[in-house]
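Fold and contact review
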Amino acid sequence: MKVLQLVTSPRPFFDQQVAALEARGVDCTVLEVPGEHGGASGRSAVEYARLYSKLLSEVRSMSYDLVHANYGLVAPFALAQPTRPVVVTLWGTDLMGEQSWLRSVSRHSARRANAAIVPSRTMARELATDHRLIPFGVDTDLFRPMARAHAREYINWETDRPVALFPYDRTRSVKDFSRARRLVERADIDIDLRTVSGVAHETMPYYMNASDVLLVTSKRESGPMVVKEAAACNLPVVSTDVGFVRETVRGVTNCVVSDSDGALLGGLERAVENGGRSDGRDSIDGLAVESLGERLHGLYRGLLGREEALGNPTGVSHDV
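Definitions and cut-offs
Residues numbered from 1 in each chain as written. Predicted model: local features only at pLDDT ≥ 70, side-chain atom pairs only at ≥ 80, totals over all residues. Heavy atoms only, no water. Domains from an automatic or database assignment. Contact = heavy atoms within 4.5 Å. Buried area = accessible area lost by both parts, 1.4 Å probe. Salt bridge = Lys/Arg side-chain N within 4 Å of Asp/Glu carboxyl O. Polar contact = N/O pair within 3.5 Å; in protein donor to acceptor, adjacent residues only side chain to side chain. Helix = DSSP H or I, 4+ residues; strand = E, 2+ residues; numbered from the N terminus. Nonpolar A, V, L, I, M, F, W, Y, C, P; charged D, E, K, R; others polar. UniProt positions renumbered as here; feature names shortened; annotations may be inferred. Axes fitted to C-alpha atoms, helices over the stretch in contact; angles between N-to-C directions. Left-handed = near helix turned anticlockwise from the far one by under 90°. Pairing = 2+ DSSP bridges. Phe/Tyr/Trp six-rings, centres within 6.5 Å; stacked < 30°, edge-to-face > 60°. Buried < 20%, exposed > 50% of the residue type's maximum accessible area, 1.4 Å probe, protein only. Lys NZ or Arg CZ within 6 Å of the ring centre and 35° of its normal. Disulfide = S-S within 2.5 Å. 1 Å grid on protein atoms, 1.4 Å probe; cavity = no way out; pocket = protein on both sides within 12 Å on 5 of 7 lines; lining within 4 Å. Points joined across faces, edges and corners; volume = space filled by probe spheres on them. Parallel < 35°, antiparallel > 145°, perpendicular 65-115°, else oblique.

1. Looking at the domain arrangement of the chain
Quoted interface sizes are often the accessible area lost when the parts come together. For the chain, the assigned domains are domain 1 (2-137 + 288-311) and domain 2 (148-283). Domain 1 puts 13 residues into the contact, and the matching count from domain 2 is eight residues. Between domain 1 and domain 2, a total of about 860 Å² is buried, with carbon and sulfur atoms accounting for 56% of that surface. There are one salt bridge connecting domain 1 and domain 2. Glu98 is the partner of Arg220 in a salt bridge, and the nearest nitrogen-oxygen pair spans 3.3 Å. The interface formed by domain 1 and domain 2 holds six residue pairs in polar contact (both at pLDDT 80 or more) in total. When contributions to the side of domain 1 that touches domain 2 are tallied by element, the ones reaching two or more residues are helix H1 (12-22) and helix H6 (121-124). Here the element with the most residues in the side of domain 1 that touches domain 2 is H1; it accounts for three residues. Residue composition of the side of domain 1 that touches domain 2, by class: five nonpolar, six polar and two charged.

Listed below in structure tokens is the structure:
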């Protein structure tokens, strides 16, 4: 099976998705939007036109079985080629972000695709067309529990204090670092608030295991994947009620999801007092990236008439 994967810019969870599919014998070619993308700057219409030209050339020259558009921005280009079935996966900000035109494009593309996928129940409730719920997976070999002392030594954190990890650039207003700092300052126990951003993905498990609690105070999120990664490391999560956080950590010990400062403060204190560990790795169903690969492969095969599709079909008439 040959699949052409379209993406604006690869992310670690997307790279893991491709690797999981290839481990199942799916031959994936990744086609990225040309040009540089960083911060608030986007690519130009000319660069998206170049993407479409490359897409048509690929489809004409290679015997792809289907095209998989990953993110709403690239979905219209996948649908504009007339010869291959199209799968669309919406990532979050395309369906639930602030840009109304992107939300409209994403919903329209999901309706026209041969199959549409969302990674969370929160997103499923926002998409009024038939779709499948296939959560993003985490590399549980990379994100794993390890001794806190070892992790702190690896990243050169010389402290005996409990650490609350703020996993974002503190200057991004949507992440609301000032609220995180205020919560830590109000805590009845001594907590060291530390931020991390821009580090290699492979290093993040060390920062998580060096910490006692993951603190997310975002005003808005489409995910975030960092919560699943923390769960895989058995790191407690204290978070505002954004994205798919609530559904991810429901039932996991030492985790709190709330928009109340009082509840978040209590969660911080309890997470530290209880030793800074959760049971997220064992409690979250389908956490590993292998589950994502299995469900996507099943969906592809079902779409091509090769076997019954796997995954959880959802739609406007289903309880999601």
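Now that the structure has been shown, the text picks up again.
2. A closer look at the UniProt feature "domain: Glycosyl transferase family" (unreviewed entry) in the chain
If you check UniProt for "domain: Glycosyl transferase family" (unreviewed entry), the listed places come out as residues 177-275 in our numbering. A distance of 24 Å separates the end C-alpha atoms of residues 177-275, which is 42% helix and 13% strand.

3. Quick word on the packing of H1 against helix H14 (residues 289-303)
Their axes nearest at 8 Å, the elements H1 and H14 cross at an angle of 65 degrees. The crossing of H1 and H14 is right-handed. Contacts between H1 and H14 pair Gln16, Gln17, Ala20 and Leu21 from the former with Val289, Leu292, Gly293, Leu296, His297 and Tyr300 from the latter. Of the residues in the contact of H1 with H14, the class split is six nonpolar, four polar and no charged.

4. Quick notes on the sheet that holds strand S11 (residues 256-257)
Spatial ordering of the open sheet is given by S8-S7-S9-S10-S11, a layout of five strands whose pairing is parallel. Each end of this open sheet is capped by a strand with a single partner; those strands are strand S8 (192-195) and S11. Helix-sheet contacts for helix H8 (residues 177-186) involve strand S7 (163-166), S8 and strand S9 (213-216), and the interaxial angle to S8 is about 160 degrees. With respect to the sheet, helix H12 (residues 261-273) is in contact with S7, S9, strand S10 (237-239) and S11, its orientation differing from that of S10 by roughly 165 degrees.

5. A word on the packing of aromatic side chains
The full count for this structure, using the stated rule, is 10 aromatic pairs. Pairing Phe13 with Trp91 gives two aromatic rings, centres 4.9 Å apart and planes at 70 degrees, and the pair type is edge-to-face. With Phe13 in helix H1 and Trp91 in the loop between strand S4 (86-89) and helix H4 (93-96), the pair connects residues that are 78 residues apart, well separated along the chain. Look at Phe13 and you get buried, because its relative accessible area is 15%. An aromatic cluster is defined as three or more aromatic residues linked by ring pairs; in this entry it consists of Phe13, Phe14, Tyr71, Trp91 and Phe136. Its end group placed over the ring of Trp157, Arg194 keeps NZ or CZ at 4.8 Å from the ring centre.

6. Examining the state of the cysteines
The final tally for this structure, using the stated rule, is zero disulfides. Not part of a disulfide, Cys233 finds its nearest cysteine sulfur in Cys255, a span of 12 Å. Residue classification places Cys233 among the buried residues on the basis of a relative accessible area of 1%.

7. Things to note about empty space enclosed by the protein
Summed over all chains, the structure comprises one cavity of 30 Å³ or more. Its volume calculated, the largest cavity comes out at about 30 Å³. Lining the largest cavity we find Gln17, Thr89, Ile117, Ile134, Phe136, Leu292 and Leu296. In terms of residue class, the lining of the largest cavity is built from five nonpolar, two polar and no charged.

8. What to know about unusual backbone geometry
Positive phi outside glycine occurs at Asn156, with the angle close to 65 degrees. One can find Asn156 in the loop between helix H7 (148-154) and S7. Phi at Asn254 takes a positive value of approximately 65 degrees, unusual for a residue other than glycine.

9. Focus: the packing of H8 against H12
Where H8 contacts H12, the two axes come as close as 10 Å, and the packing angle between them is 60 degrees. With respect to each other, H8 and H12 are oriented oblique. Pair H8 / H12 crosses with right-handed handedness. Here H8 contributes Arg179, Arg182, Leu183, Val184 and Arg186 to the contact with H12, which in turn contributes Asp261, Leu264, Leu265, Leu268 and Glu269.

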